[in-house]
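Residue strings, one per chain:
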Amino acid sequence: MRRSDLHGTSIEIERKNVGERRYITGFDGLRVMALLGVIFYHLMPFTVPGGYLGVPIFFAVSGYLITDIFIQEWDRTGKIKLGSFYIRRLRRLYPTLVMVLVTSTAYMTLFAQNLLSHIRNIIWTNLVFVYNWWLVNNGQSYFDRYNGESPFTHLWYLSVLAQYYFIWPLILIVLLKIFGERRVQASGILFSLSIISSMLMTILYHPDTVNRVYYGSDTRVAPFLIGAALAFIWPSTRLKKALNARTNLIANILGGILILVMGITFFTMPGTTATPYYGGIFIFSILAVLMIAIIAHPSFMWNRLLTNPVFKWLGSRSYGIYMYQLPVMIFYEQKVTNIAAHPVLNTLAPLVIILVISELSYRYIEIPLAKFDYRQTFALVKKIFDLKSNLQWRRYLAIPAVLVVLIALFGAVTSPEKVVQKTDGLQTKLAKNSKEADKKNKEALKKQKETSAAKTKQKKAKLTKQEKEIAKKYQLTDQEMKFAAVTPLTGVGDSVLEDTGADLQEIFPTAYMSSKVGRQVDEAPGIIAELKRQKTLSDNVLINLGTNGPISDKDVKAVEDAVGSKRHIFWVNVHVPTKTWEGSVNKTLDKATKQYKNLTVIDWFTPSKNQPGWFYGDYVHPNPDGSKQYATIVAKKIIKTLNK
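In this text the structure is predicted, and so the values were computed from the model without any measurement.

> How should I be thinking about the packing of helix α2 (residues 54-77) against helix α6 (residues 156-179) in this particular structure?
How two helices sit against one another is set out by the angle between their axes and by the gap between those axes. At a closest axis distance of 10 Å, the pairing of α2 and α6 adopts a crossing angle of 30°. Considering only the axes of α2 and α6, their crossing is right-handed. Together, V55, F58, F59, S62, I66, T67, F70, I71 and W74 of α2 and W156, Y157, V160, L161, Y164, Y165, W168, P169, L172, I173, L176 and K177 of α6 make up the contact between the two elements. Classifying every residue of the contact of α2 with α6 gives 18 nonpolar, two polar and one charged.

Laid out in structure tokens, this is it:
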């Protein structure tokens, strides 16, 4: 007898030779590690920048377990019952998926209509498990946190997994028929295919089209295939219970090293760089599969170490926790806009909500519907309307359920394909600024050379009519405007700088701006080094980073080292009330000014704190009025500092 649940509960396996059963519960610990990585990536993307690597762990565990169970069935009966497997998988996946889609759509219809864009496409592609391919051409980047983030983006994983579930058994049968007992050869074929998948990821990767490799089933299959390859040569029911002490010691030490390296990688390999796609995810997948091999072995201690009531509880509910996490976080952030005021509370609150919802879903949706005989659906409906049936008060639960479904249907049917959002003006502005950036930067570099030779003359010259208009627009004096006209400036920043860069370049005509949506502070040293190499880094460097995650003393030092002590750094602090790291970023920058003489912090936070009219609907990016204020504050501080 066998029972399997690839997203939670322990795996019961009948040992072929001795008729003995054992439970591989240690996978709950590995699954919890993966789950925590993903959740904390969404909560604090810069604190755990590699949290997205939890998904390869899920794929690897699924690849091993499903293949291990199928091989046992093949060895025992000479066949694999595909029909019953597919039905079990649908029973397991569909109830929670439908619940997430319906309840989230109903909530958005009532309280967050700006998130309903493409809702019909999102629903049907998820129901037929091709959502990941829809995201390749229509979705936002998984790492874009300020571009109308969808509460469904994380469901790409479920579509990919379902595709593997339905395609893999067919391929496995072919492999078993061709190779028979030559399991090592079959394992080698699978590992070779995983290498090809990883190479495909590398070949197709481009920073501007990362969706193709991140969401593609073909580029993400490597961990699943490596896990499957392990099942051919490391079947759980044929592993010896007792091994010598030396072997146990080596394996247990190796397990500790693997857990440590995987944990460190969660904190050091952001998905916004090229490293993951140039072999990083592949190497991490190999580490995960090696850990799976150690956990699966009954002689090693890691199965016992990763087995405890807390891990078992979280592991059994991991599917629901993963599914509900992003809707809860996004809806919470929309309603609680001043998250930075209470960062600890506003980190714990959504976690508690997710756990409570997942527990209720597990008890009253996942388990009951996994066991429900759907042939009795019409009989159940009849019982609901039969006042004499034994349902009693429970029949009235159908009323709110039907209302939620009707609201969701109304939202899905009536919502336009592209919903006009509060931040649509921002997206238009960012797109326009990005398009014009290259042209303006070329002009800025040309003007740098011209004004460098005519600085003294320029300071004495009168303002042109255009310069007077610019000075008036940004509340600058004639002297300030003259000074700005001959002050070289290089800006490195994220979407806030991309939003405000055009205003700054009006004031500083020689300013060169390098900005990108979603840019993290750890990217800055490399960008600065490249600007140095191209000889486009001026004596004054403006940094606008910290919007997308906290920064550390180490990050500031890395930027300082890259810029050098002979240049002056102006670092704009952040106004990001919707995130927990606002306070820590600003404190880190204030502390750094005492350590580095060439570092000046420009205070954007204080004047903008109580000015909601300066921002778009995300409370982070300045609108046209806010951009003027931002440019004025930045310009006056730079001019005042350099005039000293």
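Text resumes after the structure shown.
> Looking at this structure, how should I read α6?
Structurally, the α-helix is built with 3.6 residues per turn, so residues lying three or four positions apart point the same way. The first and last C-alpha atoms of α6 sit 33 Å apart over 24 residues, in line with the 34 Å expected at 1.5 Å per residue. Counting buried positions along α6 yields 17 of 24 residues, so the element is predominantly enclosed. Downstream of α6 by a residue or two, G180 has a phi angle that is positive, lying close to 55°.

> Mind showing me how you'd approach the side chain of T125 here?
The residue T125 is located in helix α4 (residues 119-127) in this model. Residue T125 is classed as buried on the basis of its relative accessible area of 1%. For T125, the side chain forms a polar contact with the main-chain oxygen of N121, separated by 2.6 Å.

> Help me understand the packing of aromatic side chains in this model?
What characterises a pair of aromatic rings is the spacing of the ring centres plus the angle enclosed by the ring planes. Tallied over the entire structure, the rule returns 31 aromatic pairs. With a centroid separation of 5.7 Å and 40° between ring planes, the pair formed by F58 and Y157 is classed as tilted. Separated by 99 residues along the polypeptide, F58 in helix α2 and Y157 in helix α6 bring together distant segments of the chain. Here F58 and Y157 have matching classes, each one buried. Considering the side-chain rings of F70 and F85, the 4.8 Å spacing of their centres and the 65° angle between planes classify their relative orientation as edge-to-face. With F70 in helix α2 and F85 in helix α3 (residues 82-111), this pair connects stretches of sequence that are 15 residues apart. Comparing F70 with F85, the two get one shared label, buried. The ring of Y165 carries the charged tip of R89 above its face, separated from the ring centre by 5.3 Å. Over the face of the ring belonging to Y214 we find R220, whose NZ or CZ atom lies 4.7 Å from the ring centre.

> Would you mind going over the pattern of salt bridges with me for this structure?
It is possible for side chains bearing opposite charge to pair when their charged atoms get close. Throughout the structure, instances matching the rule amount to 15 salt bridges. Residue K579 pairs with E333 through a salt bridge whose shortest N-O separation is 2.9 Å. Note that K579 is positioned in the loop between β6 (568-572) and α25 (582-593) and E333 in helix α14 (residues 318-335), a separation of 246 residues in sequence. For the pair formed by K579 and E333, the shared burial category is buried. D561 serves as the salt-bridge partner of K557, at 2.8 Å between the closest nitrogen and oxygen. One end of the pair is K557 and the other is D561, both in helix α24 (residues 553-563) and four residues apart, which spans about a single turn. A single network of salt bridges, built from pairs that share partners, joins D75, E181, R183 and R238.

> Explain the packing of helix α1 (residues 27-43) against α14 here, please?
Closest axis-to-axis distance for the α1/α14 pair is 10 Å, and the angle between their directions is 0°. As summarised for this structure, α1 and α14 are arranged roughly parallel, according to the angle between their axes. Contact residues: R31, L35, V38, I39, H42 and L43 in α1; S318, I321, Y322, Q325, L326 and M329 in α14. Residue composition of the contact of α1 with α14, grouped by class: eight nonpolar, three polar and one charged.

> When you look at the layout of surface pockets in this model, what are you seeing that I'm missing?
If a probe as big as a water molecule is rolled over the atoms, it shows which places are left empty. The volume enclosed by the largest pocket comes to roughly 1900 Å³. If you trace the largest pocket, you find 40 residues lining it, with M99, Y364, I365, L369 and A401 closest to the centre. Elements with a contribution of two residues or more to the lining of the largest pocket: α3, α14, α15 (345-371), α16 (377-385) and α17 (398-414). For the lining of the largest pocket, the element with the most residues is α3, which contributes nine residues. Residue classes in the lining of the largest pocket are distributed as 33 nonpolar, four polar and three charged.

> What is the right way to look at the sheet that holds strand β3 (residues 489-493) in this model?
Neighbouring strands of a sheet are bound in pairs by backbone hydrogen bonds; such pairs are parallel or else antiparallel. Pairing in this open sheet of five strands is parallel, and the strands run β4-β3-β5-β6-β7 from one edge to the other. The sheet terminates laterally at β4 (511-515) and β7 (599-602), the two strands that pair on one side only. Taking each pair of neighbouring strands and ignoring which way they run, the sheet shows an average axis angle of 20°. Direction of pairing for β3 relative to strand β5 (residues 540-544): parallel, over a ladder of four bridges. The residue of β5 that forms the bridge with G491 is L542. Those strands touched by helix α22 (residues 495-507) are β3, β4 and β5, and its axis lies near 170° from that of β4. Strands β6 and β7 of the sheet are contacted by α25, whose axis makes an angle of about 145° with β7.

> Mind showing me how you'd approach the side chain of H575 here?
Residue position: H575 is located in the loop between β6 and α25. Judged by its relative accessible area of 7%, H575 is buried. At a separation of 3.2 Å, a polar atom in the side chain of H575 contacts the main-chain carbonyl oxygen of Y619. If sequence neighbours within four positions are ignored, H575 has contacts with E582, W604, F605, S608, K609, F615, Y619 and V620.

Rules used throughout
Residues numbered from 1 in each chain as written. Predicted model: local features only at pLDDT ≥ 70, side-chain atom pairs only at ≥ 80, totals over all residues. Heavy atoms only, no water. Axes fitted to C-alpha atoms, helices over the stretch in contact; angles between N-to-C directions. Helix = DSSP H or I, 4+ residues; strand = E, 2+ residues; numbered from the N terminus. Left-handed = near helix turned anticlockwise from the far one by under 90°. Contact = heavy atoms within 4.5 Å. Nonpolar A, V, L, I, M, F, W, Y, C, P; charged D, E, K, R; others polar. Expected span 1.5 Å × (residues − 1). Buried < 20%, exposed > 50% of the residue type's maximum accessible area, 1.4 Å probe, protein only. Polar contact = N/O pair within 3.5 Å; in protein donor to acceptor, adjacent residues only side chain to side chain. Phe/Tyr/Trp six-rings, centres within 6.5 Å; stacked < 30°, edge-to-face > 60°. Lys NZ or Arg CZ within 6 Å of the ring centre and 35° of its normal. Salt bridge = Lys/Arg side-chain N within 4 Å of Asp/Glu carboxyl O. Parallel < 35°, antiparallel > 145°, perpendicular 65-115°, else oblique. 1 Å grid on protein atoms, 1.4 Å probe; cavity = no way out; pocket = protein on both sides within 12 Å on 5 of 7 lines; lining within 4 Å. Points joined across faces, edges and corners; volume = space filled by probe spheres on them. Pairing = 2+ DSSP bridges.

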